[in-house]
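Summary of the model geometry
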Amino acid sequence: DEATLEAVQTAERHAFNSSVERQLVSHDALREAIAANHLAIWLQPIRSVRDGRLHGFESLARWRHRDAWVAPERFIATAEQTGLIGPLTHWSLHGTLRACAPALRENPTLVFSINLSPRAVLEDDVVAAFSAALALWGVPASALKVEVTETAFVSDMPALSEVLRELHATGVAISIDDYGTGYSSMAYLREFPVDEVKLDRSFIQDITVNTRSRQLAAAAVSLAHGIGAQVVAEGVESAQTLALLAEMGCDRYQGYLHGRPAPAAEAIAAMTGGD
Ligand code: C2E
Ligand code: CA
Ligand code: CA
Ligand code: CA
């Protein structure tokens, strides 16, 4: 009957999609997608907790192929494991700068955040690549922020720290991403020139119902402020969550409440449309 047919078709579609995804997350397919520009830059707004003013956007990579989204976590992991994180970072840097240049003419205070894998930092001459890209697109370093995720590469800390110091000296801001989920949070705060700490959404999403989460978030805000860093909360989906963040003195927020990631042109048009 019809219901059975539909169930079979759905099952086939899932099987197809997951095999497409597996196939696509190979080195060759990802290399091809980067070279052929089959990835896209999406942007998500980051706002001031105090007054909702737009601070800037986080750049998020998207890959859609044959009606299936490939989750960023999957192709980022492939990139890191197969030597493609350098090309992917290069692609993301140029794509973000191209998208942000017109928006910056309209609003010169905007800051664009790009995700920077520690592995990319260690594999390439990141400082030279960033300076060249900023010059090419005519974007000041002060309009760029890098979000560096905590990882367990503690042995590479001195090298990572050195590059981040150089990058910071050129005027690019440094944010510690997924703060609190890794193994080296305190070491990162001690070693890196940290401008911003980004509280992971796993710590934010239940602060309205979980006292312990709320206490941890508040303590993280104090800790960051204590070393002169600002704090951005990720994954803000409700007005109650935002109100608690305001009480804690959290500086900025990002989340579905006031802006989902959208294709770059769309996100920027929504900004000027007064959203
Ligand atoms: P992330 O850096 O922690 O990015 C935040 C993730 O949270 C994004 O997932 C975003 O879409 C999602 N998010 C934002 N607000 C909300 C919310 O209110 N609720 C919920 N449930 N989710 C929210 P996305 O885009 O799937 O990216 C996943 C991860 O992939 C990112 O985590 C980042 O680590 C990595 N990634 C994405 N693009 C790039 C890139 O260009 N380069 C690198 N190196 N990594 C990237
Ligand atoms: Ca991020
Ligand atoms: Ca996160
Ligand atoms: Ca992450």
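Just so it is clear, the model here is predicted, and its values are computed rather than measured. (Residues numbered from 1 in each chain as written. Chains lettered and ligands numbered in written order. Predicted model: local features only at pLDDT ≥ 70, side-chain atom pairs only at ≥ 80, totals over all residues. Heavy atoms only, no water.)

A few points about the overall build of the chain
Of regular secondary structure, the chain possesses 12 helices and 10 strands. In the chain, which comprises 275 residues, the share counted as buried stands at 48%. For the chain, the exposed area adds up to about 13,400 Å²; of that, 53% sits on carbon and sulfur atoms. (Helix = DSSP H or I, 4+ residues; strand = E, 2+ residues; numbered from the N terminus. Buried < 20%, exposed > 50% of the residue type's maximum accessible area, 1.4 Å probe, protein only. Areas by Shrake-Rupley, 256 points an atom, 1.4 Å probe, with all protein chains shown as cover.)

Here we look at the nonpolar core
Considering soluble globular proteins, one finds that nonpolar side chains tend to be buried as a cluster. Among the nonpolar cores identified, the biggest contains 80 residues, and Phe130, Val146, Leu167 and Leu199 are the most heavily contacted of them. Counting residues per element, this core draws most heavily on helix H4 (residues 85-106), at 10 residues. In contact with Leu167, other than residues within four places in its own chain, are Leu116, Val126, Val127, Phe130, Val146, Val172 and Ile174. (Core = buried A, V, L, I, M, F, W, Y, C linked by side-chain atoms within 4.5 Å. Contact = heavy atoms within 4.5 Å.)

Remarks on the coordination of the calcium ion (ligand 3)
Each protein donor to the calcium ion (ligand 3) is listed here as Asp178 (OD), Asp200 (OD), Glu234 (OE) and Glu234 (OE); together their distances run 2.1 to 2.9 Å. Spacing between the donor residues of the calcium ion (ligand 3) along their common chain follows D-x21-D-x33-E. In this structure, the calcium ion (ligand 3) lies 5.7 Å away from the calcium ion (ligand 2). Of this pair, Asp178 sits in strand S6 (residues 173-179) while Glu234 sits in strand S8 (residues 230-234), and the two are 56 residues apart along the sequence. The exposure class of Glu234 is buried, given its relative accessible area of 12%. (Donors = N, O, S within 2.8 Å, 3.2 Å for Na, K, Ca; no water.)

Considerations on the confidence of the model for the chain
The predicted model of the chain averages 88 in pLDDT, with 88% of residues at 70 or higher. Across the interfaces of the predicted complex, the ipTM metric reaches 0.96, alongside a pTM of 0.90. (pLDDT = per-residue confidence, 0-100.)

Regarding helix H3 (residues 72-81)
Those residues of H3 that sit buried are Phe75, Thr78 and Ala79. Relative to the axis of H3, the buried residues are bounded by an arc of 100 degrees and lie together on one face. Looking at H3, the residues exposed on the side facing more than 90 degrees away from the buried face are Glu73 and Gln81. Packing partners of the buried residues in H3 comprise helix H2 (27-35), strand S2 (54-65), strand S3 (68-70) and H4. Phi turns positive one or two residues past the end of H3, at Gly83, with a value near 75 degrees. (Arc of directions from axis to C-beta.)

So, the packing of aromatic side chains
Taken as a whole and judged by the stated rule, the model has four aromatic pairs. Relative to Phe75, the ring of Trp63 has its centre 5.7 Å away and its plane inclined at 80 degrees; by these criteria the two rings are edge-to-face. Residue Trp63 is found in strand S2, and its partner Phe75 is found in helix H3; the two are separated by 12 residues along the sequence. Residues Trp63 and Phe75 agree in their burial class; the two are buried. The lysine or arginine in question, Arg260, covers the ring of Tyr256, its NZ or CZ lying 4.0 Å from the ring centre. (Phe/Tyr/Trp six-rings, centres within 6.5 Å; stacked < 30°, edge-to-face > 60°. Lys NZ or Arg CZ within 6 Å of the ring centre and 35° of its normal.)

A closer look at the pattern of salt bridges
Enumeration over the complete set of coordinates arrives at six salt bridges. We note a salt bridge from Lys198 to Glu147, for which the minimum N-O separation is 2.6 Å. On the criterion of sequence distance, the pair formed by Lys198 in strand S7 (residues 196-199) and Glu147 in strand S5 (residues 144-149) is long-range, its members being 51 residues apart. Each member of the pair Lys198 and Glu147 is classed as buried. Salt bridges here are not isolated pairs; linked through shared partners, they connect Glu58, Glu147 and Lys198. (Salt bridge = Lys/Arg side-chain N within 4 Å of Asp/Glu carboxyl O.)

Describing the environment of Ser185
With respect to the helices and strands, Ser185 occurs in helix H8 (residues 185-191). Sequence spacing of Ser185 and Thr149 is 36 residues, and the spatial spacing of their C-alpha atoms is 9.8 Å. Ser185 has contacts with Glu150, Tyr179 and Gly180, leaving out every residue within four places of it along the chain.

Re a negative patch on the surface
On the surface, Glu123, Asp124, Asp125, Glu162 and Glu166 cluster together into a patch of negative charge. The residue Asp124 is located in the loop between helix H5 (118-123) and helix H6 (126-137) in this model. What makes Asp124 partly exposed here is its relative accessible area of 40%. (Patch = residues over 30% accessible without salt bridge, like charges linked within 9 Å, V, L, I, M, F, W, Y side chains within 5 Å. Lys, Arg positive; Asp, Glu negative; His and termini not counted. Charge placed at Lys NZ, Arg CZ, Asp CG, Glu CD.)

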